[in-house]
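As a plain string of letters, each chain reads:
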Amino acid sequence: MPTREIALLTNPAAGKGKGGSVRDHALARLREAGLSVRSLQGRDADEALDLAHQCVADGVDALVVCGGDGMVHLAVQALATTSTPLGIIPSGTGNDVARYFDIPRKDPVAAADLVVANNTRTVDLARSGSRYFVTVLAAGFDAVVNERANRMTWPKGQMRYNLATLAELRVFEPLPYTLQIDDRQIELDAMLVAVGNGPSFGGGLRITEGALLDDGMLDVVIIKPMSKAGLIRTYPKLFKGTHVNHPQYEHHLARSVTVAAPGIVSYADGERFGPLPLTVECAARALTVLA
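These figures come from a predicted structure and were not determined experimentally.

**Student:** Honestly, helix α6 (residues 108-117) in this entry has me stumped. Any pointers?
**Tutor:** One turn of the α-helix equals 3.6 residues, which is why residues spaced by three or four share an orientation. Buried within α6 are the following residues: P108, A111, A112 and V115. The buried residues of α6 occupy an angular sector of 100° when the element is viewed end-on, so they sit on one face. In the core, the buried residues of α6 are packed alongside β1 (5-10), α2 (19-32), β3 (62-67), β4 (86-90) and β16 (278-290). Immediately downstream of α6, the backbone of N118 shows phi near 65°, a positive value.

Okay, here's the thing in C-alpha cells:
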C-alpha cells in the first residue's frame, strides 16, 4: 500500500509554549509508524490558514493539528465539507474538541496513535456565513469576559480570565435578545445565549449539556436574568452540566438560529467570531475526524 501522507500543523505557542515539545513527541511517533509527515507552522494565523488550505488542495491523507481549540478552529475552515480528515494532537489550554473524541490530552504519543490507527468519525459543524465552528458560540456574559480579557496585557493564562470575570460581574446587566429559532421568534432579557454544536467550551464548561455532534441539530441555551451571587453559585455547576436544573435555564433544539443583542461580539471555539446579529446553521456531516 502507498505510504500515507499527513500534514502536521503546529501552534508552538499553544499551552503556554509547550506546543513545540508536544509536536516533537508526536512527530517522532508518526514517522516511526511509517507515515510521511509534512511538519508545518505558520508565522501567524493567516499563514497557518493558507498552509492548511494548501495541504487540503494537495490531497494529503489527513491534516493533523498540534494545538488547542483555536488551532482546530483554524483547520476546520479548510477541512469543512471536504473528505480530508482532521487529526488532533492536543497541546492547548481548553482542548474541548479533544474531549469530545476522547483523544488523550496529556499524552501526545497516545494521541498520535489515533492518527496512525486511521479510524474516522463524521460529525456536524455549525456554520455562520462562510465560517464554521466545532464547539460553542458564546454570545453574552461569557463573550464580554473574553473581550475584556483580550484587552488585558496582565496577567497571563487562566488568571487573566478569572480577573476579567470578576471585573465584568461588577457591571454586567442582562441583555435584551431577539432570537429566531427556526420559525419561532423570541424576545427576552438574558445573561447569555450559547449556541452549541458540541456540549462544552472553555476547558470543560458544559454549557450546552446534552448536545450531540451528529444529530443534525444545534443546541440553543438561554440563561435568563439572575443575581450576580446566583451567577457565581451556578458557575461551578457548568463543569458537571447540572446547571440544567436551574429555573433560569432554557434549552431549544434548532437547525438554524439568529441571535441579536446590542454591543456583543461573539466567540466560537474560543476565537473572536463576529458581532451580533449572527445566523448560525447546522452543517450536517461536514467534518471527518480521526478518533
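Moving on from the model shown.
**Student:** Help me out: how do you make sense of the packing of helix α3 (residues 45-58) against helix α4 (residues 69-79) in this one?
**Tutor:** Between two packed helices, what matters for the description is the angle formed by their axes and the separation of those axes. It is the contact of α3 with α4, at a shortest axis distance of 9 Å, that shows an interaxial angle of 40°. On the basis of the axis angle, α3 is oblique to α4. Here the hand of the crossing between α3 and α4 comes out right-handed. From α3, A45, A48, L49, A52, H53 and V56 reach across to α4, where they touch L74, Q77, A78 and L79. Classifying every residue of the contact of α3 with α4 by side-chain character gives 8 nonpolar, 2 polar and no charged.

**Student:** In this structure, what is going on with the packing of α2 against α6? I would like to understand it.
**Tutor:** Interaxial distance between α2 and α6 falls to 8 Å at its minimum, and their mutual angle equals 40°. The orientation of α2 relative to α6 falls into the category oblique. Handedness of the α2/α6 crossing: right-handed. When α2 is examined against α6, the residues V22, H25, A26, R29 and L30 are found in contact with a partner set consisting of P108, V109, A112, D113, V115 and V116.

**Student:** Got a minute to help me understand the nonpolar core in this structure?
**Tutor:** Within soluble globular proteins, side chains that are nonpolar generally end up buried alongside one another. Counting 50 residues, the largest nonpolar core has L137, Y177, L179, I207, V257, V259 and V280 as the members making the most contacts within it. Beyond its immediate stretch of four places on either side in the chain, V257 contacts Q180, I181, V195, L218, V220, L278, T279 and V280. Counting residues in hydrophobic clusters, the runner-up holds 49 residues, among them V37, V65, I89 and V115.

**Student:** Please explain α4 as it appears in this structure.
**Tutor:** The element α4 is extensively covered by neighbouring structure, given that 10 of its 11 residues are classed as buried. Those residues of α4 that sit buried are D69, M71, V72, H73, L74, A75, V76, Q77, A78 and L79. T81 sits one or two residues past α4 and shows a positive phi near 70°.

**Student:** What should I look at first to understand the sheet that holds strand β12 (residues 249-254) in this one?
**Tutor:** The strands that make up a sheet pair up through hydrogen bonds in the backbone, lying either parallel or antiparallel. Strand order in the open sheet made by the 6 strands is β12-β11-β10-β7-β14-β15, with antiparallel pairing throughout. Both edges of this open sheet fall to β12 and β15 (271-275), since each of them pairs with a single strand only. Averaged over all neighbouring strand pairs, the angle between strand axes comes to 25°, with direction disregarded. With 6 bridges connecting them, strand β11 (residues 218-223) and β12 associate as antiparallel partners. Bridging across to β12, L218 finds its partner in A254. The strands touched by helix α7 (residues 141-151) within the sheet are β7 (136-138), β10 (192-196), β14 (265-268) and β15, with β14 carrying the most contacts at an inclination of about 90°.

**Student:** Hey, could you run me through the packing of aromatic side chains in this one?
**Tutor:** On inspection of all chains with the given rule, the structure shows 3 aromatic pairs. Measuring from ring centre to ring centre gives 5.6 Å for F133 and F273, while their planes differ by 85°; the resulting arrangement is edge-to-face. Taken together, the positions of F133 in strand β6 (residues 131-133) and F273 in strand β15 put the pair 140 residues apart, joining distant regions of the chain. Per residue, the accessibility class of F133 equals that of F273, and both read buried. Plain terms: the ring middles of Y235 and F239 are 5.9 Å apart, the flat faces sit at 85° to each other, and that makes the pair edge-to-face. Of the residues examined, F239 reaches a relative accessible area of 42% and is grouped as partly exposed.

**Student:** When you look at the pattern of salt bridges in this model, what are you seeing that I'm missing?
**Tutor:** Inspection of the entire model under this criterion finds 13 salt bridges. The salt bridge involving E281 is made with R127; its shortest N-O contact spans 3.3 Å. In this pair, E281 sits in strand β16 while R127 sits in strand β5 (residues 120-128), placing the two residues 154 residues apart along the sequence. Its relative accessible area of 34% is what places E281 among the partly exposed residues. Exposure remark for R127: the relative accessible area of 24% places this residue in the partly exposed category. A network of salt bridges, in which partner residues are shared, links E5, R38 and D58.

Each value, and the rule that gives it
- Residues numbered from 1 in each chain as written.
- Predicted model: local features only at pLDDT ≥ 70, side-chain atom pairs only at ≥ 80, totals over all residues.
- Heavy atoms only, no water.
- Buried < 20%, exposed > 50% of the residue type's maximum accessible area, 1.4 Å probe, protein only.
- Helix = DSSP H or I, 4+ residues; strand = E, 2+ residues; numbered from the N terminus.
- Arc of directions from axis to C-beta.
- Contact = heavy atoms within 4.5 Å.
- Axes fitted to C-alpha atoms, helices over the stretch in contact; angles between N-to-C directions.
- Parallel < 35°, antiparallel > 145°, perpendicular 65-115°, else oblique.
- Left-handed = near helix turned anticlockwise from the far one by under 90°.
- Nonpolar A, V, L, I, M, F, W, Y, C, P; charged D, E, K, R; others polar.
- Core = buried A, V, L, I, M, F, W, Y, C linked by side-chain atoms within 4.5 Å.
- Pairing = 2+ DSSP bridges.
- Phe/Tyr/Trp six-rings, centres within 6.5 Å; stacked < 30°, edge-to-face > 60°.
- Salt bridge = Lys/Arg side-chain N within 4 Å of Asp/Glu carboxyl O.

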